Amino acid sequence: MRLPFGWTLDDCGRGALAIALGAAAIGAQFVLAGPPREITGRAEAISGDSLLIEDAYMRLDGVDAPAFAQTCLDARGVRHEVGRIAAARLAQLVYPGDVSCRSSPGHAGQGVFVAACAAGGEDLGGRIIAEGWAWPVSSTGGYSSAHGAPEPRAPETAGYVD
């Protein structure tokens, strides 16, 4: 195997080589994605944390919602389609006006951009988290609890359990 910079496996070890190649691949993602994009238009909610605007898929930065097909049981044993409910709520938030998104450098892969999006001047990620239909995650959007993000109310405190 021929390694970059004339290295050998004895010089850097297989683990260090794997780390270096992984870091290069991650860096290439940001270079290939180009600068941040700004997109404004009518949005369609794909899930509780993703939108389609003008053929561009946007994942809300700093947000993780239940998968579209995810279901949970409440305290009485009744099954609820929490993924579909989260997607429906995001659809309500984006309808009928325009949504403005600004993507972060890089992308989530396969043409999906990570973006901060707003409708009617309101941050969609912050709203869907505040209402409890998604959880804050540490990312460039910074909705993590360390940044003062609201704690999600649902599905946990609505009585939902996996």
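Residues numbered from 1 in each chain as written. Predicted model: local features only at pLDDT ≥ 70, side-chain atom pairs only at ≥ 80, totals over all residues. Heavy atoms only, no water.

Engineer: Account for unusual backbone geometry, naming residues and giving values.
Structural biologist: Excluding glycine, residues mostly carry a negative phi; peptide bonds, for their part, are mostly trans. A cis amide bond links Tyr95 to the next residue, Pro96, at an omega of 0°. In this fold, Pro96 is placed in the loop between helix H2 (82-94) and strand E7 (98-103). Although it is not a glycine, Glu54 sits at a positive phi angle of roughly 45°. With respect to the helices and strands, Glu54 occurs in the loop between strand E2 (50-53) and strand E3 (56-60). (Helix = DSSP H or I, 4+ residues; strand = E, 2+ residues; numbered from the N terminus.)

Engineer: I'd love a proper account of the pairing of strand E8 (residues 112-119), names of residues and values included.
Structural biologist: Side-chain direction in a regular strand flips from residue to residue, so the side chains alternate between the two faces of the sheet. Of the pairings in the sheet, the one linking E3 to E8 comprises four bridges and is parallel in character. Looking at E8, one finds that Met58 is bridged to Phe113. Inspection of the sheet shows E7 paired to E8 by five bridges, in the antiparallel sense. If you follow Cys101 over to E8, its bridge partner there is Cys117. (Pairing = 2+ DSSP bridges.)

Engineer: I'd like a description of the nonpolar core, backed by residues and values.
Structural biologist: If you look at the biggest cluster of nonpolar residues, it comprises 25 residues, and the most contacted ones within it are Leu51, Leu90, Val99, Cys117 and Leu124. When sequence neighbours within four positions are dropped, the list of residues in contact with Leu90 reads Ala45, Ser47, Gly48, Asp49, Ser50, Leu51, Leu60, Leu124 and Ile128. (Core = buried A, V, L, I, M, F, W, Y, C linked by side-chain atoms within 4.5 Å. Buried < 20%, exposed > 50% of the residue type's maximum accessible area, 1.4 Å probe, protein only. Contact = heavy atoms within 4.5 Å.)

Engineer: Any details on the state of the cysteines? Residues and values, ideally.
Structural biologist: By the definition in use, this model includes one disulfide. The residue that forms a disulfide with Cys101 is Cys117, at a sulfur-sulfur distance of 2.1 Å. Given an S-S torsion of about 115°, the disulfide between Cys101 and Cys117 has right-handed geometry. A residue pair is termed long-range when its members are at least 10 positions apart, and Cys101 in strand E7 and Cys117 in strand E8 qualify at 16 residues. Judged by relative accessible area, which is 3%, Cys101 ranks as buried. (Disulfide = S-S within 2.5 Å.)

Engineer: Can you lay out the pattern of salt bridges for me, pointing to particular residues and giving the numbers?
Structural biologist: Working definition: two side chains of opposite charge can pair if their charged atoms are close together. Using the criterion set out here, one finds nine salt bridges in the structure. Among the ionic pairs, Arg42 bridges to Asp98, the shortest N-O distance being 3.8 Å. With Arg42 in strand E1 (residues 38-47) and Asp98 in strand E7, this residue pair connects regions lying 56 residues apart in the sequence. Here Asp74 makes a salt bridge to Arg76, at a shortest N to O gap of 3.3 Å. What makes Arg76 exposed here is its relative accessible area of 70%. Among the charged side chains, a network of salt bridges with common partners joins Arg89, Glu122, Arg127 and Glu131. (Salt bridge = Lys/Arg side-chain N within 4 Å of Asp/Glu carboxyl O.)

Engineer: I'd like a description of the side chain of Ser47, backed by residues and values.
Structural biologist: Following the sequence through the fold, Ser47 ends up in strand E1. Among the polar contacts made by the side chain of Ser47, one reaches the side chain of Asp49 at a distance of 2.9 Å. Within the local environment of Ser47, its side chain forms a polar contact with the side chain of Ser50, the two groups lying 2.7 Å apart. If sequence neighbours within four positions are ignored, Ser47 has contacts with Ala87 and Leu90. (Polar contact = N/O pair within 3.5 Å; in protein donor to acceptor, adjacent residues only side chain to side chain.)

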